[in-house]
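Summary of structural features
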Amino acid sequence: MDVWQQFIILLEGVPLTLSISIVSFLIGIVVGLPIAFIRVYEKEVSFVVDAYEKIFRGVPEIVLLLLFYFGLGPAFPSTFGNAFFVAAFVLGLRSGANQSQIYRGAIRGVGDEQMIAGMSIGLSKWRAIWHVMVPQVFNFSTAGLGSEYALLIKDSAYVYVIGLAELMKRAIELKYSANDVVTPFVLSALLYIAITFPIAFWLDRWGNRRKKKLGL
Amino acid sequence: MEARHIYKTYGSKDALKAREGDAKTCIGAKSVIEAAKDVSLQIRKGDIKLIFGPSGSGKSTFLRCMAMLDIPDKGEIYLGDECLTIPGVDLNKARARIGFVFQHIYLFRHLTALGNVELALRQVFKLSKDEARRRALDALTEVKVTDCVNKYPSQMSGGQAQRVGIARAIARNPDIILLDEPTSALDPELTGEVIDTLRDLAREGKTMLIVSHEMPFAREVAEEMIFYDEGTIVETGPPSLFFNAPNTDRAKKFMTRIINRTTREEMNV
């Protein structure tokens, strides 16, 4: 099997790798953002989200993937029995735990004054968070989010353990079928780089432009 | 609007604990600041009152208590007949009826001037898009910053930004406008334009409570001046009282200092 054929096989795994990473990234936003605000503004219930963060930041993804897929899969075949669901669930919640840290720093960067100004015009706490804090928090987070996205692309390689035919799984299979231990991994490394940096770069540049424009 | 017997202390948690007699944490005891000690104040519709006094005396904190942006430790705040300091009151609704202008302006940095003024109209008052825009533009016209409508705060001068801040506070036609040293964070040459705006508001009969040291302005518009020091109201009276012969020594001293400074500035100009 020549290099080109191997490349095509690997390339066909890219959409899956990308969709796992992007879906997890979005889950991470949806989970991480409220958690960050809960930790800053609702200190009484922080212990709940604290436990969640500790679990998902402290346990290796590969353990969680195996645990949810093989442990809960048989009991809940339509959800945890679905490898893509488990991948997005584990990576998404892990990313949420990381992202909440990024957002917490950003909330501090935006500053409490903006929150007070929001409340002074009659917005409730959560409305002020939504209309005043959230848009600015994103501007402060882009650098961190860029590296978080890169991390997710890399972590998506772990999901080969639950059998999804993404980039990593295909590389491992090529190792046997093409009887070549080097080329598939060199090629997949190049592909990983190619899909990581454009988005991380774009996020960073967008963030810097916004920050400059808004004088943050 | 009325404040009755307001008390407010602030400081680090440790410091507050220390005051309550927790022997373990008395290190920070000095950092407790008594911003208000039994302060009462009444403003009727159309009144313009001016609070002044040394920095660090608690004026700003007291003003924030009036708007319930800081919750007083003790005492009552009334807005019309409604008591805001009893638990369960919808403070968001109350704050919507109080305009607040900050010393450091605090415009929403991610929104244009128009967006800053529109936000409350859209999200609190639920006006239609057109109606909110119309009223926001009216307010921006009133403070004469029509050239900034689509600018972000970072693209405005301090004076423009503060006038947008004032527009944000008046657009919803609040019962009262509270202004916390609206000119003291600005470059001296920019205070004039903000003072002009405040003068216009005074002429329209707006109800205002202003913390300020702009003495010529105070003399011109204030019905009553309130000298505030160390968390209490030391003396109140019409401007003429303070400019001629205040009753208390503290007020006398402060007036002398501030009038000297003002004249010095005017001579420089």
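This text goes with the structure placed above it.
One structure accompanies this document, and this report is about it. (Residues numbered from 1 in each chain as written. Chains lettered and ligands numbered in written order. Predicted model: local features only at pLDDT ≥ 70, side-chain atom pairs only at ≥ 80, totals over all residues.)

Let's shift gears to the overall build of chain B. What chain B contains, in helices and strands, is 10 helices and 10 strands. The globule rule puts the C-alpha radius of gyration for 269 residues at 18 Å, and the 19 Å found for chain B is close to it. Along the first, second and third principal axes, the C-alpha set of chain B runs to 60 × 50 × 35 Å. Scored against the burial criterion, the 269 residues of chain B give a buried share of 42%. Sequence separation of at least 24 residues holds for 66% of the intrachain contacts in chain B that already meet a minimum separation of 6. (Helix = DSSP H or I, 4+ residues; strand = E, 2+ residues; numbered from the N terminus. Rg over C-alpha atoms; globule rule 2.2 N^0.38 Å. Buried ≥ 20, exposed ≤ 12 C-beta atoms within 10 Å, placed from the backbone. Contact = placed C-beta atoms within 7 Å.)

With 135 residues, the main nonpolar core has A:Leu65, A:Ala87, A:Val90, B:Met66, B:Ala167 and B:Leu178 as its most contacted residues. Top element by residues in this core is helix H5 (residues 83–110) of chain A. It accounts for 13 residues. Those residues in contact with B:Leu178, other than ones at most four positions away along the chain, are B:Leu63, B:Met66, B:Ala67, B:Ile98, B:Gly99, B:Phe100 and B:Leu209. (Core = buried A, V, L, I, M, F, W, Y, C linked by C-beta atoms within 7 Å.)

Attention now moves to the interface of chain B and chain A. With 21 residues of chain B at the contact, the number on the chain A side is 20 residues. Secondary structure elements with two or more residues in the side of chain B that touches chain A: helix H3 (91–96) and helix H4 (113–123) of chain B. Sort the elements by how many residues they give to the side of chain B that touches chain A and H3(B) lands first, with 4 residues. Here the side of chain B that touches chain A is built from residues that sort into 12 nonpolar, 5 polar and 4 charged. (Nonpolar A, V, L, I, M, F, W, Y, C, P; charged D, E, K, R; others polar.)

Further remarks concern the environment of B:Ala202. Residue and element names in this part refer to chain B. Looking at the secondary structure, you find Ala202 in helix H7 (residues 188–203). Sequence-wise, Ala202 and Leu127 are 75 residues apart; in three dimensions their C-alpha atoms are separated by 27 Å. Among all residues touching Ala202, those that are not within four sequence positions of it are Ile48, Met208 and Val221.

Attention now goes to the sheet that holds strand S1 (residues 2–10) of chain B. Residues and elements named next belong to chain B. As summarised here, the arrangement of the 4 strands in space is S2-S1-S4-S5, forming an open sheet in which the pairing is antiparallel. The open sheet has two edge strands, strand S2 (33–42) and strand S5 (82–83), and neither has a second partner. Here S1 pairs with strand S4 (residues 74–79) via 4 bridges, running antiparallel. In the strand pairing of S4, Tyr7 is matched with Lys74. Across the sheet, helix H2 (residues 59–66) lies against S1, S2 and S4, angled at about 125° from S1, the strand it touches most. (Pairing = 2+ DSSP bridges. Axes fitted to C-alpha atoms, helices over the stretch in contact; angles between N-to-C directions.)

The next thing to look at is the environment of B:Lys126. Residues and elements named next belong to chain B. With respect to the helices and strands, the residue Lys126 is situated in the loop between H4 and helix H5 (129–142). We classify Lys126 as exposed; it has 9 C-beta atoms within 10 Å. Considering only alpha carbons, one finds Lys126 and Val143, 17 residues apart in sequence, at a separation of 23 Å.

Right, let's talk about helix H7 (residues 125–155) of chain A for a bit. The first and last C-alpha atoms of H7(A) sit only 36 Å apart over 31 residues, clearly below the 45 Å expected at 1.5 Å per residue. Its axis deflected by about 60° at A:Ser141, H7(A) carries its strongest bend there. (Expected span 1.5 Å × (residues − 1). Bend = angle between axes of the 7 residues up to and from the residue.)

Residue and element names in this part refer to chain B. Across the 5 residues that make up strand S7 (residues 176–180), a large majority, 5, are buried. Alternating residues of S7 divide into Ile176, Leu178 and Asp180 and Ile177 and Leu179, and every residue in both groups is buried. Here 4 bridges tie strand S6 (residues 98–101) to S7, and the two strands are oriented parallel to one another. Note on S7: the bridge partner recorded for Ile98 is Ile176.

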